[in-house]
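Results of the structural survey
One letter stands for each residue in the lines below.
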Amino acid sequence: MKKKTLPALAITVLKIWSTIIMSLLSFIGGMIAVFNFNAAVISMVLFLVLYGYMILFYCEKRCKEERYIISKDKIYREKGVFFKKETEMLTDNIQCIKIVEDPIQKTFGLYTVVFYSAGCKEKIALIDYEEVTNIKRCLWGKKVNEI
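Let us look at the structure shown here. (Residues numbered from 1 in each chain as written. Predicted model: local features only at pLDDT ≥ 70, side-chain atom pairs only at ≥ 80, totals over all residues. Heavy atoms only, no water.)

Ranked by size, the top nonpolar core spans 26 residues in total, and within it I70, V113, F115, L126, I127 and I135 carry the most contacts. When residues of this core are traced back to their parent elements, those giving at least two are α1 (9-35), α2 (37-65), β2 (67-70), β5 (94-100), β6 (110-117), β7 (120-128) and α4 (129-138). Aside from chain neighbours lying at most four places away, what touches F115 is I70, I75, M89, I94, C96, I97, C120, K121, E122, I124, I135 and L139. (Core = buried A, V, L, I, M, F, W, Y, C linked by side-chain atoms within 4.5 Å. Buried < 20%, exposed > 50% of the residue type's maximum accessible area, 1.4 Å probe, protein only. Helix = DSSP H or I, 4+ residues; strand = E, 2+ residues; numbered from the N terminus. Contact = heavy atoms within 4.5 Å.)

See below:
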């Protein structure tokens, strides 16, 4: 079975979240300027370098590095830009599936699917509705509660 990656719109959503986070950090940098102007300049330069890296490289690389396979037997997921992580969850152990979308995801028609089992939670974020319906269809025969 082929490993699936996140859709292209996921990059846009990650860039929007990066912009929101950098706006908050810029506000903090402005608060630092009240006490020490030099520290504020240094922190703002660092924030801009970090923002540039996130927008130009990280968001796209993260979407390419996150892969998953969902079958009737198991859910397999690889992720990580700096540190690689592989997780596997047997679908027999899934107790609940939760489908969530935040306001930015809703704007772009993307969802987060969270799988719950005893003592474990695995989520696949920023997938489109077609993939959500494929997940439902694949796990339809299982005893899964959808919230």
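Moving on: the packing of aromatic side chains. Going through the model one piece at a time under the given rule, you end up with three aromatic pairs. Note on Y58 and F82: the rings are 6.3 Å apart at their centroids and 15° apart in plane angle, and the pair reads as stacked. Here the residue Y58 occupies a position in helix α2, and F82 occupies one in the loop between β3 (74-79) and β4 (85-90), the gap between them amounting to 24 residues. Here Y58 falls in the partly exposed class, since its relative accessible area comes to 25%. The class for F82 is exposed, based on a relative accessible area of 59%. (Phe/Tyr/Trp six-rings, centres within 6.5 Å; stacked < 30°, edge-to-face > 60°.)

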